[in-house]
Amino acid sequence: MSNDDLDHLQRAGKRHLWMHFSRHGSYDDTHDIPIITKGDGMYIWDAAGRKYLDGLAGLFVVQAGHGREELAEAAAKQAKELAFFPLWTFAHPNAILLAERIASYAPGDLNRVFFTSGGGEAVETAWKLAKQYFKLTGKPGKTKVISRQVAYHGTPHGALSITGIPAMKQMFEPLVPSTSHVPNTNFYRAPDSSLGGFSDEKEQLQSFGRWAADRIEDAILAEGADTVAAVFLEPVQNAGGCFPPPPGYFERVREICDEHDVLLVSDEVICAFGRLGEMFGATKFDYQPDMITCAKGLTSGYSPLGAMIASDRLMEPFLQGSTSFMHGYTFGGHPVSAAVAMANLDIFEREDLNGHVLRNEGAFRSTLEKLLDLDLVGDVRGDGYFYGIELVKDKASKTSFDEAESERLLRGFLSKALFEGGLYCRADDRGDPVIQLAPPLIADQSHFDEIEQILRSVLTGAEGLI
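Residues numbered from 1 in each chain as written. Predicted model: local features only at pLDDT ≥ 70, side-chain atom pairs only at ≥ 80, totals over all residues. Heavy atoms only, no water.

**Things to note about the overall build of the protein**
In terms of regular secondary structure, the protein is built from 15 helices and 15 strands. Relative to the 2.2 N^0.38 estimate, which gives 23 Å for 466 residues, the radius of gyration of the protein is 22 Å and therefore close to what a compact globule would have. A principal-axis box enclosing the C-alpha atoms of the protein has dimensions of 65 × 65 × 45 Å. Taken over 466 residues, the protein has a buried fraction of 55%. (Helix = DSSP H or I, 4+ residues; strand = E, 2+ residues; numbered from the N terminus. Rg over C-alpha atoms; globule rule 2.2 N^0.38 Å. Buried < 20%, exposed > 50% of the residue type's maximum accessible area, 1.4 Å probe, protein only.)

**Thoughts on the nonpolar core**
With 68 residues, the main nonpolar core has F280, I389, L414 and L455 as its most contacted residues. Broken down by element, the residue count for this core peaks at 9 residues, all from helix α12 (residues 335–351). Beyond its immediate stretch of four places on either side in the chain, I389 contacts L368, L371, V377, D379, V380, P433, V434, I435, L437 and L455. Ranked by size, the runner-up nonpolar core spans 23 residues in total, among them A212, V228, V231 and Y287. (Core = buried A, V, L, I, M, F, W, Y, C linked by side-chain atoms within 4.5 Å. Contact = heavy atoms within 4.5 Å.)

**So, the packing of aromatic side chains**
A complete count under the given rule lists 16 aromatic pairs for this structure. With centroids separated by 5.2 Å and ring planes inclined at 70°, the aromatic side chains of Y133 and F134 adopt a geometry described as edge-to-face. Here the aromatic residues F364, Y385, Y387 and F448 are joined through ring pairs into a cluster of three or more. Residue placement shows K51 over the ring face of Y43; its charged tip is 4.3 Å from the ring centre. In this arrangement the basic side chain of R430 is found over the ring face of Y152, its NZ or CZ atom lying 5.5 Å from the centre. (Phe/Tyr/Trp six-rings, centres within 6.5 Å; stacked < 30°, edge-to-face > 60°. Lys NZ or Arg CZ within 6 Å of the ring centre and 35° of its normal.)

**Let's talk about the environment of E203**
Relative to the assigned elements, E203 resides in helix α8 (residues 201–223). Taking the C-alpha atoms as reference points, E203 and G138, 65 residues apart in sequence, are found 42 Å from one another.

**Quick word on the packing of helix α3 (residues 69–81) against α12**
Axis separation between α3 and α12 bottoms out at 8 Å; the angle between their running directions is 150°. Pair α3 / α12 crosses with right-handed handedness. Of the residues in α12, those in contact with E70, L71, A74, A75, Q78 and A79 of α3 are P335, V336, A339, V340, A343, N344, I347 and R350. Taken together, the residues that form the contact of α3 with α12 break down as 10 nonpolar, 2 polar and 2 charged. (Axes fitted to C-alpha atoms, helices over the stretch in contact; angles between N-to-C directions. Left-handed = near helix turned anticlockwise from the far one by under 90°. Nonpolar A, V, L, I, M, F, W, Y, C, P; charged D, E, K, R; others polar.)

**A short note on the pattern of salt bridges**
Within this structure, the stated rule accounts for 34 salt bridges. The shortest N-O distance in the salt bridge between R254 and D258 comes to 2.8 Å. In this pair, R254 and D258 are both assigned in helix α9 (residues 249–259), 4 residues apart and thus about one turn of the helix distant. A relative accessible area of 14% places R254 in the buried class. Residue class for D258 comes out exposed when judged on its relative accessible area of 51%. E405 is the partner of K393 in a salt bridge, and the nearest nitrogen-oxygen pair spans 3.0 Å. (Salt bridge = Lys/Arg side-chain N within 4 Å of Asp/Glu carboxyl O.)

**Thoughts on the sheet that holds strand β10 (residues 306–311)**
Reading across the sheet, the 7 strands line up as β4-β10-β9-β8-β7-β5-β6 and stay open at both edges, with mixed pairing between neighbours. Looking along the sheet, the strands with just one partner apiece sit at the ends: β4 (110–116) and β6 (179–182). Strand-to-strand twist of the sheet, defined as the mean angle between neighbouring strand axes without regard to direction, takes the value 20°. Where strand β9 (residues 291–294) meets β10, 4 bridges bridge the pair, whose relative direction is antiparallel. Within β10, the position partnered with I292 by the bridge is I309. Along the sheet face, helix α5 (residues 119–136) touches β4, β5 (144–148), β6, β7 (228–233), β8 (263–267), β9 and β10 and points at about 160° away from the line of β9. (Pairing = 2+ DSSP bridges.)

Spelled out as structure tokens, the structure:
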């Protein structure tokens, strides 16, 4: 681009574009909007031609990597044949074939696929289905939802109510009532009382997992089991920095849900389609949900698409008489998006992307764990190609940063320094300060090393700031 083109983009962006989750006051005559213009494989380029390693797969999305021409070609071919038609009473071939394919990957009897435009819509759909299902089956009082503290489930009003991050909610209250939040599975911050008095870490993890799961039952009983419809849980919780489930956690949650007739929703908007080395995180951790919500990696981001996948049991009442699920989206199951998803899943199978993640997840972890020798790095946690690095002020006591220190460290230094160092990732403080990494699933050791080297350089430079 010419300098005139770049100047025009900056002026027009600052004047007209309303970006998401962005501090627009940060952009002025001396601070420009980062503008990304190109992607290829593991890398992206900005408008000035600078190259960056994409350590977040866009936003936990670009599983197959950037620049996949066959995905663009699938979109173009479908747009020429049928650019749009809704799934309201009618269907089109790719929606049918994609639903069949997704059901074949899903665990157990999750055979019904309701398409949406994205993840928040999928979560909204799951809650509405849970409510209507119980009304149709004679339990109309079951409407409430249990979810976890610091967990993010989306921005629509229902999904935002399920979200467990108060700072994201306060500007939009009052939200949808009837949600409550329980402790998450952050073992690094586990209360001493949850560790069962054990000194062995394996026994501590098992005790903590049982303790965290039992808090869900406490919440169900406190609300009244006849009022609770569903529990929403991510396989690995994103917000707060990639909390994996302790051993036995989901097994116990499943028992609790069965005992109290509560639906278990596995929110896999991030975790599905290879992020953990399986098509679904529920498969990775061997539990059976009643619903799965997904999006992002389904198309590798080449076209918007999400889905709610439900069990045969939940579909049963809707197969009777004139009953209808009075819910839908104009662009849910869009023909072009469905065609892209089919081509994306072809890449998954042909290149064995899930197998690639499983074969390399240990190397990714061990490479990131090298950073534990830095004073700022308190914990490295996650699974598959999905990791969080928690930053601490004092490693021995696990003391975190206060709000002002976190602001100065993350937004004042790390976000900009990492990007200038050639790494696009996320510095996040929705909870304790973390750096999150979720590279495209094609990443190999050379990319792990590049990520570690940039992080090491920038974090070393940050140590003197606090």
